[in-house]
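What follows is each chain in one-letter form.
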Amino acid sequence: MIMLRKAIVGLGAGALLFGSAACGADDGDGSGGDSGEGLVVGFAQVGAESAWRTANSDSVQAAAEADDRIDELKFVDAQQEQEKQIEAIRNFITQQVDVIVLAPVVETGWTDVLGEAETAGIPVVLADRGIEAADEDLYVTRLGSDFVEEGRKAGSWTVETFGGGETTRILELEGTVGSAPANDRKTGFYEVLDGEGLDYELVDSQSGDFTAEGGKSVMETFISTHGLEEVDLLYAHNDEMGLGAIQAIEEAGFEPGTDVQIIIVDGSKAGFEAGVDGKVNYIVECNPVFGDQLMDVVVQVDAGEELEKFTPVEEGVFGPDDFEDELPNRQF
Ligand code: AHR
């Protein structure tokens, strides 16, 4: 019987800078590469900016741990910094991992480092976020959400809810500047609003970096700059920013969900609780729990199997009638 050594090696970005010896030590031979028993996978994760992200890291780590085909997962939390992800990838190349999994913080700036992985003969799988089309040849496949579609879902609800009335005044809390979900959720949303001819005005749109603190502070600025009396809708690109904004709205003496309607994207427990409390009006789901599927993809990629360039994960939408029933089902 083959004895599999299971190792989930978590490296904070700081540890990554100074601790590459610790990575290599896991394989015993200093290379960190395939011991012949199972795959060694390097995962450069975005960070820990949201409940979604934590659930995604947990899902991937648990799946790797439970999967006999995976010998070791080298996990790096890049603290939302592309430079740290680039450094992690270079370390994975030095350690000769079998497959690199990258959840790219932003869409651009990957050509050089992914070219280095290609030269080293290490296949790259994108998890969650995508990169710009020009670099499409530098990864094998992407498993994650269709962010444009998520934006379209938010747009469709907006048209259904506000269409035919007076001008709809919108505030938008965007995700991390340059990230695929921020770019695509915006694209899909306005594609539907413009396509359906909704009479709307974008009062303001700024990035809250996908964090609750960012969402709160940008919302405070929105309120002090524009007031809230004339605003109909807040479109927040994720739960955390929406929840932060709700605090700012309440502190300013307004009723979230009533004085201003709110769309959030993700579908965390906290987001659904806000929905049950009447503070959120529509939730577009973004599903982080795809660790098992990701391990299958990693194994297929290592075996050189042909895969679709993009595999979307399944996702739904939820309105006020669904919030209470759906809350117990939420996994994060
Ligand atoms: O890339 C997925 C997005 O990243 C999620 O919507 C958000 O919560 C996370 O930070």
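Criteria and cut-off values
Residues numbered from 1 in each chain as written. Predicted model: local features only at pLDDT ≥ 70, side-chain atom pairs only at ≥ 80, totals over all residues. Heavy atoms only, no water. Pairing = 2+ DSSP bridges. Helix = DSSP H or I, 4+ residues; strand = E, 2+ residues; numbered from the N terminus. Near = heavy atom within 4 Å. Polar contact = N/O pair within 3.5 Å; in protein donor to acceptor, adjacent residues only side chain to side chain. Areas by Shrake-Rupley, 256 points an atom, 1.4 Å probe, with all protein chains shown as cover. Nonpolar A, V, L, I, M, F, W, Y, C, P; charged D, E, K, R; others polar. Domains from an automatic or database assignment. Buried < 20%, exposed > 50% of the residue type's maximum accessible area, 1.4 Å probe, protein only. Right-handed = clockwise from strand over helix to strand, strands pointing away. Patch = residues over 30% accessible without salt bridge, like charges linked within 9 Å, V, L, I, M, F, W, Y side chains within 5 Å. Salt bridge = Lys/Arg side-chain N within 4 Å of Asp/Glu carboxyl O. Lys, Arg positive; Asp, Glu negative; His and termini not counted. Charge placed at Lys NZ, Arg CZ, Asp CG, Glu CD. Phe/Tyr/Trp six-rings, centres within 6.5 Å; stacked < 30°, edge-to-face > 60°. Lys NZ or Arg CZ within 6 Å of the ring centre and 35° of its normal. Axes fitted to C-alpha atoms, helices over the stretch in contact; angles between N-to-C directions. Parallel < 35°, antiparallel > 145°, perpendicular 65-115°, else oblique. Left-handed = near helix turned anticlockwise from the far one by under 90°. Contact = heavy atoms within 4.5 Å.

S.K.: It is not clear to me how the sheet that holds strand S7 (residues 168-174) should be interpreted in this structure. Could you clarify?
M.R.: Strand pairing within a sheet occurs via backbone hydrogen bonds; the two strands may be parallel or antiparallel. Taken together, the six strands give an open sheet; going across it, the order is S8-S7-S9-S10-S11-S13, and neighbouring strands pair in mixed fashion. Edge positions in the sheet fall to strand S8 (200-207) and strand S13 (317-318), since each of these pairs with one other strand and no more. Where S7 lies against strand S9 (residues 233-236), four bridges are found, and the strand directions are parallel. Residue pairing in the sheet places Leu171 in a bridge with Leu234 of S9.

S.K.: Which parts of the structure should I look at to understand the site of the ligand?
M.R.: Residues in contact with the ligand, as listed here, are Glu49, Ser50, Trp52, Arg53, Asp128, Arg129, Phe147, Pro181, Arg185, Phe210, Asn238 and Asp266. A distance of 2.9 Å is found between an oxygen atom of the ligand and a side-chain nitrogen or oxygen belonging to Arg185. When the ligand sits alone it has 280 Å² of accessible area, and the protein chains cover 100% of it. Breaking the shell around the ligand down by element, the ones donating at least two residues are helix H3 (51-66) and helix H7 (180-195). Looking at side-chain class alone, the shell around the ligand contains four nonpolar, two polar and six charged residues. Residues from two domains meet in the shell around the ligand; each of domain 1 (2-142 + 290-311) and domain 2 (147-286) gives at least three.

S.K.: I tried to follow the pairing of S7 on my own but got confused; where do I start?
M.R.: A regular strand places its side chains on the two faces of the sheet in alternate fashion. Among the seven residues of S7, seven are classified as buried, and the element is accordingly described as predominantly covered. Here S7 shows two buried faces, one formed by Thr168, Ile170, Glu172 and Glu174 and the other by Arg169, Leu171 and Leu173. The sheet contact formed by S7 and S8 spans seven bridges and is parallel. Note that in S8 the partner of Arg169 across the bridge is Glu201. Following the chain from S7 across H7 to the adjacent parallel S8, one finds a crossover that is right-handed.

S.K.: Sorry, what's going on with a negative patch on the surface here?
M.R.: Together, Glu229, Glu230, Glu255 and Asp259 line one region of the surface with negative charge. Of note, Asp259 is situated in the loop between helix H9 (239-251) and strand S10 (261-266). For Asp259, a relative accessible area of 36% corresponds to the partly exposed category.

S.K.: Where do I start with the packing of aromatic side chains in this structure?
M.R.: Applying the stated criterion across every chain, the model contains eight aromatic pairs. Ring centres of Trp157 and Phe162 lie 6.3 Å apart, and the angle between their planes is 90°; on these two criteria the pair is classed as edge-to-face. Across this residue pair, the class does not change: Trp157 and Phe162 are buried. Between Phe272 and Phe323, the aromatic rings sit 5.8 Å apart at their centres with planes inclined by 90°, giving edge-to-face as the arrangement. In this pair, Phe272 sits in helix H10 (residues 269-276) while Phe323 sits in helix H12 (residues 320-326), placing the two residues 51 residues apart along the sequence. The exposure class assigned to Phe272 is buried, which follows from its relative accessible area of 0%. A relative accessible area of 2% means that Phe323 is categorised as buried. A network of ring pairs unites the aromatic residues Phe189, Tyr190, Tyr200 and Tyr235 as a single cluster. Above the face of the Tyr139 ring, Lys309 is positioned so that its terminal group lies 4.4 Å from the ring centre.

S.K.: I would appreciate a short explanation of the packing of H3 against helix H11 (residues 291-302) in the present structure.
M.R.: Axes are the key here: two packed helices are described by the angle between their axes and the distance separating the axes. The N-to-C vectors of H3 and H11 enclose an angle of 55°; their axes lie 7 Å apart at closest approach. Between H3 and H11, the interaxial angle falls into the category oblique. By crossing handedness, the relation of H3 to H11 is classed as right-handed. Residues Ser59, Val60, Ala63 and Ala64 of H3 touch H11, and the partners they reach there are Gly291, Asp292, Leu294 and Met295. In terms of residue class, the contact of H3 with H11 is made up of five nonpolar, two polar and one charged.

S.K.: I tried to follow unusual backbone geometry on my own but got confused; where do I start?
M.R.: Residues apart from glycine generally show negative phi values, whereas peptide bonds are mostly found in trans. Phi at Gln96 is positive, roughly 55°, even though this residue is not glycine. With respect to the helices, strands and loops of the structure, Gln96 is situated in the loop between helix H4 (82-94) and strand S4 (99-102). Here the phi dihedral of Phe210 falls at roughly 65°; this positive angle occurs in a residue that is not glycine. With respect to the element layout, Phe210 can be found in the loop between S8 and helix H8 (212-226).

S.K.: How should I be thinking about helix H5 (residues 111-119) in this particular structure?
M.R.: Given 3.6 residues to a turn, an α-helix orients residues that are three or four positions apart in the same direction. Listed in full, the buried residues belonging to H5 are Val113, Leu114, Gly115 and Ala117. Looking one or two residues beyond H5, the residue adopting positive phi is Gly121, at roughly 75°.

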